[in-house]
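The residues making up each chain are set out below.
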Amino acid sequence: MPKTMFDDIESAFDKSWNESLLAEFEKDYMQSLKMFLKAEQKHGKVMLPQPSLWFRALNATPLNDVKVVILGQDPYPTPGHAHGLCFSVMPEVKPIPKSLNNIYKELYEDLGTKNTDGNLQRWAEQGVLLLNSVLSVESGNANSHQGKGWEQFTDKVISVVNDLDRAVVFVLWGAYAQKKAAGIDESKHLLIRSPHPSPLSAYRGFFGSKPFSRINAFLRENAIQEIDWQV
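Throughout what follows, the structure given in this document is the object of discussion. Only a predicted model underlies this, so the values are computations on that prediction, with no experimental measurement involved.

Comments concerning the packing of aromatic side chains
Reasoning step 1: Following the criterion strictly, the structure yields 16 aromatic pairs and no others.
Reasoning step 2: Centre to centre, the rings of F87 and W173 are 5.7 Å apart; their planes meet at 70 degrees, and the pair counts as edge-to-face. With F87 in the loop between β2 (68–72) and α5 (98–111) and W173 in strand β5 (residues 169–173), this residue pair connects regions lying 86 residues apart in the sequence. When sorted by exposure, F87 lands in the same class as W173, which is buried.
Reasoning step 3: Seen from their ring centres, W173 and F206 are 5.3 Å apart, and the 90 degrees between their planes marks the pair as edge-to-face. Here W173 is found in strand β5, whereas its partner F206 is found in the loop between β6 (190–194) and α9 (211–221), with 33 residues between them in sequence. Per residue, the accessibility class of W173 equals that of F206, and both read buried.

Description of the packing of α5 against α9
Reasoning step 1: Where α5 contacts α9, the axes come no closer than 7 Å and their chain directions differ by 60 degrees. On the basis of the axis angle, α5 is oblique to α9. Side by side, α5 and α9 meet where I103, E106, L107, D110 and L111 of the first sit next to P211, F212, S213 and N216 of the second.

Focus on the pattern of salt bridges
Reasoning step 1: A full pass over the atoms with the stated rule returns six salt bridges.
Reasoning step 2: Across the pair K27 and E24 runs a salt bridge, and its minimum N-O distance is 2.8 Å.
Reasoning step 3: By relative accessible area, which is 39% here, K27 ends up partly exposed.
Reasoning step 4: Of the residues examined, E24 reaches a relative accessible area of 5% and is grouped as buried.
Reasoning step 5: The partner of E40 in a salt bridge is K45, and the shortest N-O contact between them spans 3.6 Å.
Reasoning step 6: Judged by its relative accessible area of 11%, E40 falls in the buried class.
Reasoning step 7: The partly exposed category is assigned to K45, whose relative accessible area is 34%.

Considering the sheet that holds strand β3 (residues 128–132)
Reasoning step 1: Taken in spatial order, the four strands make up an open sheet running β3-β2-β5-β6, and their pairing is parallel. Two strands bound the open sheet, and with one partner strand each, they are β3 and β6. For this sheet, the mean inter-axis angle between neighbouring strands, taken without regard to orientation, is 20 degrees.
Reasoning step 2: Direction of pairing for β2 relative to β3: parallel, over a ladder of five bridges. Within β3, the position partnered with V69 by the bridge is L129.

Looking at the nonpolar core
Reasoning step 1: In terms of nonpolar packing, the biggest core is built from 72 residues, with W17, F55, W123 and F153 touching the most fellow members.
Reasoning step 2: Looking at this core element by element, the count peaks at six residues for helix α7 (residues 150–162).
Reasoning step 3: If near-sequence neighbours (up to four positions away) are discounted, W123 is found in contact with I70, I103, Y104, L107, N115, V128, L130, F212, D228, W229, Q230 and V231.

Thresholds, definitions, all that
Residues numbered from 1 in each chain as written. Predicted model: local features only at pLDDT ≥ 70, side-chain atom pairs only at ≥ 80, totals over all residues. Heavy atoms only, no water. Phe/Tyr/Trp six-rings, centres within 6.5 Å; stacked < 30°, edge-to-face > 60°. Helix = DSSP H or I, 4+ residues; strand = E, 2+ residues; numbered from the N terminus. Buried < 20%, exposed > 50% of the residue type's maximum accessible area, 1.4 Å probe, protein only. Axes fitted to C-alpha atoms, helices over the stretch in contact; angles between N-to-C directions. Parallel < 35°, antiparallel > 145°, perpendicular 65-115°, else oblique. Contact = heavy atoms within 4.5 Å. Salt bridge = Lys/Arg side-chain N within 4 Å of Asp/Glu carboxyl O. Pairing = 2+ DSSP bridges. Core = buried A, V, L, I, M, F, W, Y, C linked by side-chain atoms within 4.5 Å.

Note that every value here comes from positions in space, so none of it alone points to a role or purpose.
Here's what the structure looks like:
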């Protein structure tokens, strides 16, 4: 296991998260997760993204900067795609994944913004926390690391954001993400729920949901700088 992931966890993500999250790594569930991941490596299984990127979302978006949380499920299982930000892919990946392509279609219909690059780093730098519920996956084996402990950790991340003394937008696309709504205070924060943008469900209500204009309208109402969705 690369040092920065668990043995030197203080350097794994932006220090603004330390006070809230470091104690999680001493808990039983996280120790069990660590053992599982080490065993997977020992058996020669390739994990995606590379371990140095597991906490990329928490590096790219410091806690103090979080304006929006977009919740994904788990990383892309295709080698070369996942890099630690949900729905995002490395710039050289073409064509971009179908779910992200549908997100871009809705963005264009909503705000007229046209993106062709699949790297969402620029969103993250503006305060969009692009958080997968599960932060690793076995190469070629989707959902393979679900139920191993990551969900409990990302529940804690959401709880930390929920407890901020300011309003945040939580974007929950699909039934899996919407399970996280139970831990969010809707009297303080905006929750945007819709079907998932995957080709299997996008036509059931994701298209036409206008999440991007709704996010920016809420940010304006709360005197928070809007997101420029151009990547």
